Amino acid sequence: IFITYRANDVHGAHDPDYPGTADFKKAHPEYVVDPDDRSGDWMSRCLDYWRAEVRHYVLASLEDLAARYDVDGFQIDWMRFPRHLSGKTGDEVWAKRGALTSFMASVREVLDGTGSRSGRRPVLAARVPTWPQGCRWVGIDLAEWNRRGLIDFVTVAPFLSTDFRIPFEQFRRLLADHHVPVYAGADFCHSGRPHNPESLRAWALCMYGQGADGLNIFNFPCWTEYLGAVPYHWLEGLHDTALLRGKPALYPLVSTQHRVPGVDQPTPLPAAVPPGGTTRLTLYLPPDALPARRAALLACAGGDVGMAINGAAVRERKSPRASELFTSHKTRELIEQEPAADACRLFDFDRTVLHAGDNEIAVLNAGADARTLVRLELGLWY
C-alpha cells in the first residue's frame, strides 16, 4: 500500500477561492513557475520547486504523512501536473534540475528516518514521463537519482493518456548504475477516449512485450465519471500475460488529445492524407497478440480512404458503418465529440498479414480532397 503524492495540482488554478488550493499557495502567488503568465495555462500556476520555500513546504507535508501512516512506500507523482521548475525553455529548466534531485534526496532521508512499523525500509518511487526527453523537459535527472540510490522503482506514464509504445531500453540505460524496476502507467483514456476492457488488455500486452516490469493505473476511481461504479473486474488478468492471451483486444494509435507538448511523446495522430497520396503509419503488436482468429481495422478520416497492411490490400466492409470496434462508455459530452459513423470506414483482412512488432499501415486517399486521419484502431478476436 502506497501513498501517491502529486508534486503539483492545479485544478481550479484561476479561481482565487478554489477550496482545493492550499492556503500556502494562496498566500504566495509569486511562488508559481510563471506568475506573470496571463494565457490561462494551468501549468503556469504550478509551484516552483526552484524555491526553497516550496520544497520545504511540500517536504513538511510528506513528513507528516510518513509519521501518521504505516505504508509500504511513497510515489512522488511528477506527472501531476508536469511543470515544477521555472524557465521558458527546456534548457533553462534542465539547468535547475538539481532542485528536484535535492528534494528527492530529502524525501529519501525522511522515509529512512521514519522507517516502517514492520521494520522494512519504506520504498520511494517516482512517476515520470514515458521518454527520457520528457524527463529532461521537466527537470527530472533519473540517472542521478538512481546513482545516489534515491529511488526503488520508476513508473513511466503520460500526462492524461496512455502510450502503447514506450522506449524501456532507453530507461534501462539511464538506470544502469543500479537495477530498479520500471513500471508502465496508464490513465483512464487513450486518444481522448475512455478505456474499455479490450484496450486495457492490448495495453498490458504491449507493455509486457516491450519490457515493463509491471503496470500502474492512474485515476482509476475517477472512471466513475463515465461509469456507475469503479470497474474493478476490468483489472482481472492484467498482471499475467497467460491470462490475457486469447481474449479480444483493441490496439489504437494514439492522438494528441490530453497530451503535454515536450513532456509527452509525439503521437502518430492526427495524420494528414493528401489528395492522391499515401500516409504510412506504424502499429506495434506484442508477440502474445498473435495468432488471432479474426481481425478488423477501423479508420476515421471524414470519408473514403483505402488501406494496406504490410503491403497487403484490405477490403472495406460497406455495412455497418461504425465509429468504434468495441463498446466504450461515454458521457454526453464525449458522445458529442465522436466522429459520425459515416465518417469512418471498417476494413476486413487476412489476419495472417499481421506479425509481432511493427506493422506498416498505409492509408490511401484516392479522392480530390485532403483527409485527416483522427482515429485508427485494430481489433483482434480469438
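Here the structure is shown first, and the text comes after it.
Every residue gets a number counted from 1 within its own chain, in the order that chain's sequence is written. Under the rules for a predicted model, residues below a pLDDT of 70 receive no local features and side-chain atom pairs below 80 are neither given nor counted, while totals for whole chains, interfaces and linings still include all residues. Neither water nor hydrogens contribute to the side-chain values; these are computed over all heavy atoms in the structure.

K.L.:
Is there a simple way to think about the pattern of salt bridges in this case?
P.N.:
In a structure, side chains of opposite charge can pair up when their charged atoms sit close to one another. For salt bridges, the criterion is a side-chain nitrogen of Lys or Arg within 4 Å of an Asp or Glu carboxyl oxygen. By the definition in use, this model includes 26 salt bridges. The partner of Arg147 in a salt bridge is Glu144, with the nearest N and O atoms 2.6 Å apart. Of this pair, Arg147 and Glu144 are both found in helix 6 (residues 142–147), three residues apart, which corresponds to roughly one turn of the helix. Overall, Arg147 belongs to the partly exposed group, its relative accessible area being 47%. Using a relative accessible area of 21% as the deciding quantity, one classes Glu144 as partly exposed. Among the ionic pairs, Arg259 bridges to Asp163, the shortest N-O distance being 2.7 Å. Helix and strand definitions follow DSSP, with helices as H or I runs of at least four residues and strands as E runs of at least two, each counted in order from the N terminus. The buried label applies to any residue whose accessible area, calculated with a 1.4 Å probe on protein chains only, is under 20% of its type's maximum; exposed applies above 50%, and partly exposed to all values in between.

K.L.:
Explain the state of the cysteines here, please?
P.N.:
Simply put, the disulfide is a covalent bond whose two ends are the sulfur atoms of two cysteines. For this text, the term disulfide refers to a pair of cysteine sulfurs within 2.5 Å. Inspection of the entire model under this criterion finds one disulfide. Each sulfur in the disulfide pair Cys300 and Cys344 lies 2.3 Å from the other. A torsion of 95 degrees about the S-S bond marks the disulfide between Cys300 and Cys344 as right-handed. Here the residue Cys300 occupies a position in strand 12 (residues 294–300), and Cys344 occupies one in strand 16 (residues 344–348), the gap between them amounting to 44 residues. Left without a disulfide partner, Cys206 is nearest to the cysteine sulfur of Cys189, which lies 16 Å away. Its sulfur unpaired, Cys222 is 11 Å from the next cysteine sulfur, which belongs to Cys189.

K.L.:
Is there a simple way to think about helix 4 (residues 98–114) in this case?
P.N.:
Count 3.6 residues to each turn of an α-helix, and residues three or four apart come out pointing the same way. By this rule, a helix spans an expected 1.5 Å times one less than how many residues it contains. Over its 17 residues, helix 4 extends 24 Å from the first C-alpha to the last, a length consistent with the 24 Å expected when each residue adds 1.5 Å. Looking only at helix 4, the buried set comprises Ala99, Leu100, Thr101, Phe103, Met104, Ala105, Val107, Arg108, Val110 and Leu111. Residue contacts are defined here by distance: any two heavy atoms, one from each residue, within 4.5 Å place the two residues in contact. Buried positions along helix 4 lie against helix 2 (52–68), strand 2 (73–77), strand 3 (123–128), helix 5 (132–138) and helix 6.

K.L.:
Help me out: how do you make sense of the sheet that holds strand 13 (residues 306–309) in this one?
P.N.:
Where strands meet in a sheet, backbone hydrogen bonds hold them as pairs that are either parallel or antiparallel. In this description, strands pair whenever DSSP reports at least two bridges between them. Spatial strand order, 11-17-13-14: four strands in an open sheet with antiparallel pairing. Taken across any chain shown, the strands that pair with only one partner, and hence form the sheet edges, are strand 11 (278–285) and strand 14 (312–313). Both strand 13 and strand 14 contribute to a ladder of two bridges, which runs antiparallel. Looking at the pairing, Ile309 lines up with Ala312 of strand 14.

K.L.:
I keep staring at the pairing of strand 1 (residues 2–6) and nothing clicks. Help me out?
P.N.:
Covered by surrounding structure in strand 1 are Ile3 and Tyr5 only, the residues Phe2, Thr4 and Arg6 on the alternate face being uncovered. Note: strand 1 against strand 2, five bridges, orientation parallel. When the sheet's bridge partners are listed, Tyr5 is paired in strand 2 with Ile76.

K.L.:
In this structure, what is going on with the nonpolar core? I would like to understand it.
P.N.:
Note that soluble globular proteins tend to have their nonpolar side chains buried in a common cluster. Counting residues in each nonpolar core, the largest one holds 105 residues, and the members touching the most others are Trp78 and Tyr251. Per element, the largest residue contribution to this core is eight residues, and it comes from helix 4. Leaving out residues up to four positions away in the same chain, Trp78 has contacts with Ala7, Tyr49, His84, Leu100, Phe103, Met104, Ala126, Arg127, Val128, Ile140 and Trp145. Only buried residues count toward a nonpolar core, which is a set of Ala, Val, Leu, Ile, Met, Phe, Trp, Tyr and Cys residues joined through side-chain atoms within 4.5 Å. With nine residues, the next largest nonpolar core counts Leu298, Leu325, Cys344 and Leu346 among its residues.

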